[in-house]
Amino acid sequence: MAELLIDGDWRSALAGGRREIRCPATGEVVTDVDEAASEDTTEAILAARRAFDGSGWPDSSVRVRSDLLHTVADLLADNKEKVARAESLDTGKRLVESEYDVDDVVSVFRHYAQVAGEDAGRVVDTGRADVRSKVVHEPLGVAALITPWNYPLLQTSWKVAPALAAGDTFVLKPSELTPSTAVLLMHYLEQAGMPAGVGNLILGAGATAGGPLSTHHGVDLVSFTGGLGTGRTLMANAAATVKKVALELGGKNPNIVFADADLEVALDFALTAVFLHSGQVCSAGARLLVQESVKTEFVDELTERAGRIRLGGPFDDKAEAGPLISAAHRDKVEAYVTRGLAEGATLRCGGARPDDPSLEAGFFYLPTILDDCRSQMTVVQEESFGPVLTVETFTDEDDAVRIANDSIFGLAGAVWTKNAGLAERVASRLRMGTVWINDYHPYVPQAEWGGYKQSGIGRELGAAGLAEYRETKHVWHNVKPAVQHWFGGQ
């Protein structure tokens, strides 16, 4: 079965490459898919370019684009069980989490179906009666969409939906580890009536299949969600042709608990903040900052609860957390814990692979808490992207803000307190794209998502998320042109 979609045709990779996809919970082969090379990607880019320049899609009506997005949302909702199962097999995450993800994906497509025609532009008052001046928003062009393995379909929807709403064409390259739901989505887009060449799908590793996406002159935008190192490389590559870039590069996110917070609720959310999807969440609350007067009791109780988290595969109804994505990634997480201990952290729980024989075939790692941490530690500064919580202590408001902002990242953070004024002050001082007050993790498609500092450039979702896929043009119309006689010799 061919899994590359190029110019409306499902085809095999030109070099005939294939890749096995294995479930991280069991190591079992889920499927095998085409492995594209740069030649395949170039073909996909050229198809998207032709579709943008000659198919009429950029000039299609808002109604046409909106109907397409609504139809895709309907198809995803109707096939929720199938899509969620495919997502869980690729990622190893619990089925219930994948089901929530599909619901969120449906919401994203419906949101962009509703706002596709919003903010069409504005009239500019030039102060001249003989001029009609307006600013309009037009489709950007060809978008290269590169998505991660932790939330494969959700992160894809954050890019594909606004690209289509704006009237762009695109080439999608999902993570080579988790391609299954991207394949399903492209089939649903075809069923919904997406014209040939408007959406193209490439599968394969970034170093090969992904290369031309940031260098080819036919691409106008690179939208990437993933690691900081890859983001820097893509940004450098895009500079040669001055492409627009939108980058979401993760975070090292502080979860700040003041002494006056409802500690029972804060405890419950602190576990979810860091251990949801085994910490493989860009906005995970992996840095716990606790006010010194309640630190001991809070961390003691948190440690006891973390030690009771039950690990298991995606279809284990009793499991509360799943595996890491791969053996290599688990090795990386283990190395961060080892280095944290060497730098002076105290291991409160976890720090090892589970000894349950039933989990031996998967890439599991116990929920881990490292106490007595300082912001200078590597495990505090760098994103381990695993079930690892570091604990730091602060004295007062200024101390909390100073410690929380001591990071090259600025994606998200949270503040826990019953004092509304304190909460709002701290939220305003945190250099992060999202700040939750007495909550953690929720988002809605209507609100922008993205980071400060090295967490990225640009925004997804919300009005700004649609703007990333548009160009802005000023049209000046002189309705009564007359000779100026600027040069006297004429």
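Our subject is the structure listed above.
Not measured: the values here are computed from a predicted model.

Let us now look at the layout of surface pockets. Taking a probe equal in size to a water molecule and rolling it over the atoms shows the remaining empty space. When its volume is computed, the largest pocket comes out at roughly 890 Å³. Along its surface, the largest pocket is lined by 37 residues, and Trp149, Phe224, Gly226, Gly227 and Thr230 are the ones closest to its centre. Elements represented by at least two residues in the lining of the largest pocket include exactly strand 10 (221-225), helix 7 (228-239) and helix 10 (327-342). Counting residues per element, the lining of the largest pocket draws most heavily on helix 7, which supplies five residues. Counted by class, the lining of the largest pocket contains 15 nonpolar, 16 polar and six charged residues. Lining the second largest pocket we find 27 residues, and of these Asp104, Tyr151, Leu276, His441 and Tyr443 sit closest to its centre.

So, on to the packing of helix 12 (residues 397-404) against helix 13 (residues 420-429). Where helix 12 contacts helix 13, the two axes come as close as 10 Å, and the packing angle between them is 30 degrees. Taken together, the axis directions place helix 12 and helix 13 in an arrangement best described as roughly parallel. The handedness of the crossing between helix 12 and helix 13 is right-handed. Here Glu397, Asp398 and Val401 of helix 12 come into contact with helix 13, specifically with Leu422, Arg425, Val426 and Arg429. Counted by class, the contact of helix 12 with helix 13 contains three nonpolar, no polar and four charged residues.

Here the focus is the pairing of strand 7 (residues 142-146). Of all five residues in strand 7, five are buried; the element is thus mostly enclosed. Residues Val142, Ala144 and Ile146 of strand 7 are buried on one face, and the alternating residues Ala143 and Leu145, pointing to the opposite face, are buried as well. Judged from the five bridges that link them, strand 7 and strand 8 (residues 169-173) form a sheet pairing that is parallel. The residue of strand 8 that forms the bridge with valine 142 is threonine 169. Where the polypeptide runs from strand 7 across helix 5 (residues 152-166) and back to strand 8, its parallel neighbour, the crossover connection is right-handed.

What follows deals with helix 10. With 16 residues, helix 10 extends 23 Å between its outermost C-alpha atoms, agreeing within 8% with the 22 Å of an ideal straight helix rising 1.5 Å per residue. Three or more residues of helix 10 are buried, namely His329, Arg330, Val333, Glu334, Tyr336, Val337 and Gly340. An end-on view of helix 10 places all buried positions within 155 degrees of arc, on one side of the element. Of the exposed residues in helix 10, those oriented more than 90 degrees away from the buried face are Ala328, Thr338 and Ala342. Buried positions along helix 10 lie against strand 15 (368-371), helix 11 (378-381) and strand 16 (388-394). Count one or two residues on from helix 10 and you reach glycine 344, which has phi positive near 115 degrees.

What counts, and where the lines are drawn
- Residues numbered from 1 in each chain as written.
- Predicted model: local features only at pLDDT ≥ 70, side-chain atom pairs only at ≥ 80, totals over all residues.
- Heavy atoms only, no water.
- 1 Å grid on protein atoms, 1.4 Å probe; cavity = no way out; pocket = protein on both sides within 12 Å on 5 of 7 lines; lining within 4 Å.
- Points joined across faces, edges and corners; volume = space filled by probe spheres on them.
- Helix = DSSP H or I, 4+ residues; strand = E, 2+ residues; numbered from the N terminus.
- Nonpolar A, V, L, I, M, F, W, Y, C, P; charged D, E, K, R; others polar.
- Axes fitted to C-alpha atoms, helices over the stretch in contact; angles between N-to-C directions.
- Parallel < 35°, antiparallel > 145°, perpendicular 65-115°, else oblique.
- Left-handed = near helix turned anticlockwise from the far one by under 90°.
- Contact = heavy atoms within 4.5 Å.
- Buried < 20%, exposed > 50% of the residue type's maximum accessible area, 1.4 Å probe, protein only.
- Pairing = 2+ DSSP bridges.
- Right-handed = clockwise from strand over helix to strand, strands pointing away.
- Expected span 1.5 Å × (residues − 1).
- Arc of directions from axis to C-beta.

Remember, this is a structural readout, not a statement about activity or role.
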